[in-house]
Structures are given as C-alpha cells and as structure tokens.
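# Descriptive structure summary
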Amino acid sequence: MKKIVIALDGYSSCGKSTTAKLVAAELGYAYIDTGAMYRAVTLHFLNHHISLTNPREIKEALHEIEIEFHYNPKTKRNEVYLNGLNVEDEIRKMYISDMVSEVSVIPEVRRAMVAQQQKMGRKRGVVMDGRDIGTAVFPDAEVKIFMTADVDTRTRRRQDELLAKKQLVNFDEIRENLLKRDHIDSTRAESPLRQAEDAHLLDTSHMTIDEQVEFVIEHATAQL
Ligand code: C5P
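Residues numbered from 1 in each chain as written. Predicted model: local features only at pLDDT ≥ 70, side-chain atom pairs only at ≥ 80, totals over all residues.

You'll find the chain entered in an unreviewed UniProt entry as Cytidylate kinase, with Pontibacter flavimaris given as the organism. Per UniProt, the chain carries the Subcellular location (unreviewed entry) text "Cytoplasm". For the chain, the Sequence similarities (unreviewed entry) comment in UniProt is given as "Belongs to the cytidylate kinase family. Type 1 subfamily." (UniProt positions renumbered as here; feature names shortened; annotations may be inferred.)

## Some points on the site of the ligand
Residues in close proximity to the ligand total 13 residues, the closest being Gly35, Tyr38, Ser101, Ser104 and Gly130. Residue assignment for the shell around the ligand shows that the elements contributing at least two residues are helix H2 (34-47), helix H4 (94-104) and helix H8 (171-187). Residue contributions to the shell around the ligand peak at four residues, all from H2. Here the shell around the ligand is built from residues that sort into two nonpolar, six polar and five charged. (Near = placed C-beta within 6 Å. Helix = DSSP H or I, 4+ residues; strand = E, 2+ residues; numbered from the N terminus. Nonpolar A, V, L, I, M, F, W, Y, C, P; charged D, E, K, R; others polar.)

## Details of the UniProt feature "binding site: ATP" (unreviewed entry) in the chain
According to UniProt, the "binding site: ATP" (unreviewed entry) feature falls on Gly10, Tyr11, Ser12, Ser13, Cys14, Gly15, Lys16, Ser17 and Thr18. If you trace the backbone, Gly10 turns up in strand E1 (residues 5-10). By C-beta crowding, Gly10 is classed as buried, having 28 other C-beta atoms within 10 Å. Setting aside its immediate chain neighbours within four residues, Gly10 contacts Lys16, Phe146, Met147 and Thr148. Secondary-structure assignment places Ser17 in helix H1 (residues 16-27). By C-beta crowding, Ser17 is classed as buried, having 20 other C-beta atoms within 10 Å. Among residues more than four places away in sequence, those in contact with Ser17 are Asp33 and Asp129. (Buried ≥ 20, exposed ≤ 12 C-beta atoms within 10 Å, placed from the backbone. Contact = placed C-beta atoms within 7 Å.)

## Looking at the UniProt feature "domain: Cytidylate kinase" (unreviewed entry) in the chain
Those places that UniProt annotates as "domain: Cytidylate kinase" (unreviewed entry) correspond, in this numbering, to residues 6-220. End C-alpha to end C-alpha, residues 6-220 measures 7 Å, and it is 50% helix and 18% strand.

## A word on the packing of H2 against H4
Helix packing geometry: the angle between the two helix axes and the distance between the axes. Packing of H2 against H4 leaves a shortest axis separation of 9 Å and a crossing angle of 100 degrees. Overall, the two elements H2 and H4 adopt an arrangement that is roughly perpendicular. Contact residues: H2 offers Tyr38, Arg39, Val41, Thr42, Leu43, Phe45 and Leu46, while H4 offers Ile96, Met99, Val100, Val103 and Ser104. Of the residues contributing to the contact of H2 with H4, the split by class is nine nonpolar, two polar and one charged. (Axes fitted to C-alpha atoms, helices over the stretch in contact; angles between N-to-C directions. Parallel < 35°, antiparallel > 145°, perpendicular 65-115°, else oblique.)

## Examining the packing of H4 against H8
At a minimum axis separation of 9 Å, H4 and H8 run at an interaxial angle of 10 degrees. Judged by the inter-axis angle, H4 sits roughly parallel to H8. Judged by residue contacts, Ser97, Asp98, Ser101 and Glu102 of H4 engage Asn177, Lys180, Arg181, Ile184 and Asp185 from H8. The residue makeup of the contact of H4 with H8, split by class, is one nonpolar, three polar and five charged.

## Regarding the sheet that holds strand E4 (residues 77-82)
If you walk across this open sheet you meet the three strands as E3-E4-E5, and the pairing is antiparallel. This sheet does not close on itself; its edge strands, each paired only once, are strand E3 (67-72) and strand E5 (85-86). Pairing of E4 with E5 involves two bridges; the strand directions are antiparallel. Across the sheet, residue Leu82 finds its bridge partner in E5, namely Leu85. Across the sheet, H2 touches E3 and E4, and the angle it forms with E4 is around 30 degrees. (Pairing = 2+ DSSP bridges.)

## What to know about H1
If you check H1, its first and last C-alpha atoms are 16 Å apart, about what twelve residues at 1.5 Å a residue would give, namely 16 Å. Taken together, the buried residues of H1 touch E1, strand E2 (30-33), strand E6 (126-130), strand E7 (143-148) and helix H9 (209-221). Downstream of H1 by a residue or two, Gly28 has a phi angle that is positive, lying close to 70 degrees. (Expected span 1.5 Å × (residues − 1).)

## Focus on the pairing of E3
Here E3 pairs with E4 via six bridges, running antiparallel. Each bridged residue has a counterpart across the sheet, and for Ile67 the counterpart in E4 is Leu82.

## So, the sheet that holds E1
Strand order across the open sheet formed by five strands is E2-E6-E1-E7-E8, with parallel pairing between neighbours. In this open sheet, the two strands that pair with only one neighbour each are E2 and strand E8 (200-203). The average angle at which neighbouring strand axes cross in this sheet is 20 degrees, direction not considered. In this structure, E1 lies alongside E6, joined through five bridges in parallel fashion. By the bridge assignment for E6, Ile6 is matched with Val127.

Next comes the structure, spelled out in structure tokens:
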C-alpha cells in the first residue's frame, strides 16, 4: 500500500503527540516527535554551557550531538536518546521547557534538525509532529493538520501530564510557559509556527482523543 507523510503541527500541548502516537499505531507508521529533538539539543547545550549567541560553539556542539529514537516495549513508546543515553524523562522537565524555544530559534539548530527529520521520513510512512513539519520539513506531506486549543485547556492537559510524572507545577507557571513558547515559536524568523495553506485546522478544545485520531485517520485514508 502507498505510504504517506502525516504532518501534525500546532501550538504547545494541544494533543499533537498523543494523537500522532495513536494514528501511527493504527496505520503501522513510525512516530517522530520533533519537539523531543529540540528538547534534547537544549539539554545538551545546557549540560555543556553552550553560549546561544556564539555560532561557532553552536556549530561544534551540533556536530557532537546524536539523537535517536528507540522503542521501549515496557512503556510502549518511542523514547529519545541523546548520545546513547535515554533522556526521555529529563527533556520533559520545566527547566527544558523554559529554554527550548530560545534554542529552537537558532538557524543552525533548525537546519540540523530539519535535515535529520527529512532523513528519518524519507521512506515515508511516518507521522511527525512539531511546528514546521507541513511548512518546512515536509511541505509535500500528503496530510497536514494544524492543531490548536484554548490556552486554559492546554494548560490543564500539560499539568495533568506533568502530574502523572510526579512533577507538581503551578497552573500559572505552565500557562505562562505555553504562551511564551507559542509567541517565540510563531514570531521567529526561520520556519515560524504557522498553519500551512493546505493544512486542515483542528481545534481540540472540546474533542476527545478518539475524535482527534478519527479526524486525522479520515484525512489519511482519503490519500491512501
Ligand atoms: O512539541 P514540544 O512542545 O515538545 O516542543 C518543544 C519546543 O520545541 C517548541 O516549543 C518549539 O520551540 C520547538 N520545536 C520547534 N520545531 C518543531 C518542534 C518543536 O521549533 N518542529
């Protein structure tokens, strides 16, 4: 059967990764969480005290970074590895969320990540979620969905996710972080977050996960 690329872009914490994972499982596709890649770069930069204003340091650091995804049968999910180390839990912490958008505006970082993502999806048969998949990584994706939800709903969902990992974070702190990231992500010069002209808008504020998955699957099956 024909294999396609499904691009799920949108604002922070509006259900992209949960939807993407389930769609990928249903179609037997690979799921690639591109946000995890920017988070892993951020972790590396913080650990190695890389100056975000020094292009030479940034370029050298990017050469030292290897990001991979490996399936963990225990958690039933693809987990992210940074230079051979599983950093899945570390990269979800608030101190990474606080920095990641500032790292993601750096053109050298974007170019390196986009090139890797294009390589990962070159055989198609992938569901990729992020901010610029339908506009920059795979502008030729057969299915493009742009997800959004009202900010309080997104904050609650993010708080629940963090709570499930035993991280207690104040509602206002999360809300502020989401709004700050959305602002930086949508206003950066290189591949900003925006809805591709041919993307379908999906507002998940009042939708269940099953409904979100169904919406994407319907658009995907129309292309198969
Ligand atoms: O998807 P997630 O919220 O984990 O992404 C974390 C951050 O990574 C985003 O806020 C954004 O700054 C950056 N990102 C990006 N481009 C992508 C995916 C994520 O700039 N394709």
